[in-house]
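These are the residues of each chain, in order.
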Amino acid sequence: MRRSVFIKTFGCQMNAVDSARMFSLMSSAGYLAAPTLEDADLVLLNTCSIREKADQKIYSDLGTLRRWKQRRPGRLVAVGGCLAQQDGEALRARAPHVDIVFGTHNIANLPGMVRKADRSLPTIALGMDEEMTHWDVVPHLPVGAVSAMVAIMQGCDNFCAYCVVPLVRGREVSRRAADILSEIRALAGRGVMEVVLLGQNVNSYGKKEGEIPFPELLRRISAIERIRRIRFITSHPRDLDDRTIRLFEEMETLCPHVHLPLQSGSDRILEAMGRGYTRGEYLSKIDALRKLRPGIAFSSDFIVGFPGETEDDFRETLSVMGEVRFDSSFSFRFSSRPGTRAAEMKVMVDPMEAAERLRRLQELQAMHTRERLTTQIGREVTVLVEGTSARDPGMRCGRTACNKTVNFTPGSSVGAIRSILVTGAGTHSLVGAERTSDA
Ligand code: SF4
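Just so it is clear, the model here is predicted, and its values are computed rather than measured.

(A) Representation of the pairing of strand 14 (residues 328-333) within the structure. Inspection of the sheet shows strand 13 (residues 297-304) paired to strand 14 by six bridges, in the parallel sense. Residue pairing across strands places Ser300 opposite Ser329, the latter belonging to strand 14. For the handedness criterion, the β-α-β arrangement of strand 13, helix 11 (residues 311-324) and strand 14 is classed as right-handed.

(B) The arrangement of the domain arrangement of the chain in detail. By the assigned domains, the chain splits into domain 1 (4-125), domain 2 (141-255), domain 3 (285-375) and domain 4 (380-438). Placing a centre on the C-alpha atoms of domain 2 and another on those of domain 4 gives a separation of 26 Å. Each side of the interface is counted separately: domain 2 has nine residues, and domain 4 has 13 residues. Buried surface at the junction of domain 2 and domain 4, both sides included, amounts to about 780 Å², of which 58% is carbon and sulfur. Among the residues domain 2 hides against domain 4, the three largest losses belong to Val146, Arg229 and Arg231. Together they make up 59% of the total. Counting the contacts that link domain 2 with domain 4 gives one salt bridge. Between Arg399 and Glu194 there is a salt bridge, with the nearest N and O atoms lying 2.8 Å from each other. Put simply, domain 2 and domain 4 have five residue pairs in polar contact (both at pLDDT 80 or more) between them.

(C) Structural view of the pairing of strand 16 (residues 396-400). Most of strand 16 is tucked away: four of the five residues are buried. Inspection of the sheet shows strand 15 (residues 380-388) paired to strand 16 by five bridges, in the antiparallel sense. Across the sheet, residue Gly387 finds its bridge partner in strand 16, namely Cys397. Two strands pair when backbone bridges link them, and strand 16 and strand 17 (residues 405-409) are joined in this way by four bridges, in the antiparallel orientation. Looking at the pairing, Cys397 lines up with Asn407 of strand 17. Hairpin connection between strand 16 and strand 17: a loop of four residues separates the two successive antiparallel strands, and Asn403 in this loop has a positive phi of roughly 75°.

(D) Seen up close, the packing of aromatic side chains. Considering all chains together, one arrives at seven aromatic pairs under this definition. Centroid distance Phe214 to Phe232: 5.1 Å. Interplanar angle 85°. Geometry classified as edge-to-face. Remark: Phe232 occurs in strand 11 (residues 229-233) and Phe214 occurs in helix 7 (residues 214-222); sequence separation between them is 18 residues. The class for Phe214 is buried, based on a relative accessible area of 1%. Phe232 sits in the buried class, given a relative accessible area of 8%. Taken together, a centroid distance of 6.2 Å and an interplanar angle of 35° make the contact between Tyr277 and Tyr282 tilted.

Rules and cut-offs
Residues numbered from 1 in each chain as written. Predicted model: local features only at pLDDT ≥ 70, side-chain atom pairs only at ≥ 80, totals over all residues. Heavy atoms only, no water. Pairing = 2+ DSSP bridges. Helix = DSSP H or I, 4+ residues; strand = E, 2+ residues; numbered from the N terminus. Right-handed = clockwise from strand over helix to strand, strands pointing away. Domains from an automatic or database assignment. Contact = heavy atoms within 4.5 Å. Buried area = accessible area lost by both parts, 1.4 Å probe. Salt bridge = Lys/Arg side-chain N within 4 Å of Asp/Glu carboxyl O. Polar contact = N/O pair within 3.5 Å; in protein donor to acceptor, adjacent residues only side chain to side chain. Buried < 20%, exposed > 50% of the residue type's maximum accessible area, 1.4 Å probe, protein only. Phe/Tyr/Trp six-rings, centres within 6.5 Å; stacked < 30°, edge-to-face > 60°.

Structure, rendered in structure tokens:
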């Protein structure tokens, strides 16, 4: 009987793509996807270590997996991703029932590690593979998918004071443009119409390797037949250059949504974070984008309670939010990460105070999100139909070019591009009804 694997993914989109690669590898090794944990012979946790809370959750899952493993002989547990890279040997010392610990550059060897574990030989693989051999593995794509994520680079050279990414994902490495383009051509051949280009800092794509610049990569992707929408994540406010900004006016396939992490609105805190831009520089890029592409949507990331952040610093963040009125954002309380510069900083913000600031920021964001959604009521928006609505199986769902989810009736087939009249707005999504003619 064929064995089955259950993959649980924590963290960012980069991990989601890595998990899709892990599934491709295990599928080639004869494994099926287990519908539930209980059905699985192999459990694979693809972990995140960006915040302390993520670590705690993963170790709690590992406690559950110890009992899961005891219930049936021959079961295996593998832990990959950023926490595996960070904790390595210590992870296995804390959870000895884990058979395989593998880092962010060791994905390509997964089937071999599983075969060894079948012979009761555990593996800890944490080397940073400079050849990035896992990029040759094509990520699994669900049947009928019209949108796909494509990693264009990995790692980061910025070493922002709070961030563990350069330590666990390694230094920045870009893929060859020819490989990216051929992956996207193959995706287009399978019906994909939208690609989301992924990297920790996509705007510095190819600079170290002397590859074509990021704007040129976007142009070449845009020329691929059937690709109707291009998105990218994450942009760094310092590296988002004028050439890329101008493309938002010229290139129709470039979706009018930019995720531009601000982190803090205070110049003093931005400097302590080592972000390399000021509040003014950030706002001038937002202005330039708005002038070139009216109606463009913005989302962001915020950290509150960074060491030394005062109430005045925090109010600067709220004031930038008031100016930009982001469509959405991810916000977190500062979490000290081992090995980062911020972990050595002494002036900590009182945790209760930081929690209260986070509450205030999220309340303001909820107000802005509502405001941005309700402005759409009564308008016609164009959506790419992605599937069945999660909130109502009788409805379809799709996304606008501005990245807003729309649930609508009656429901065209997946992959259609349709014009929808927006009739209502929820907390994070829109509701509408389909117009009869194609957009
Ligand atoms: S740019 Fe800064 S926050 Fe983003 S991944 Fe690199 S080090 Fe981390």
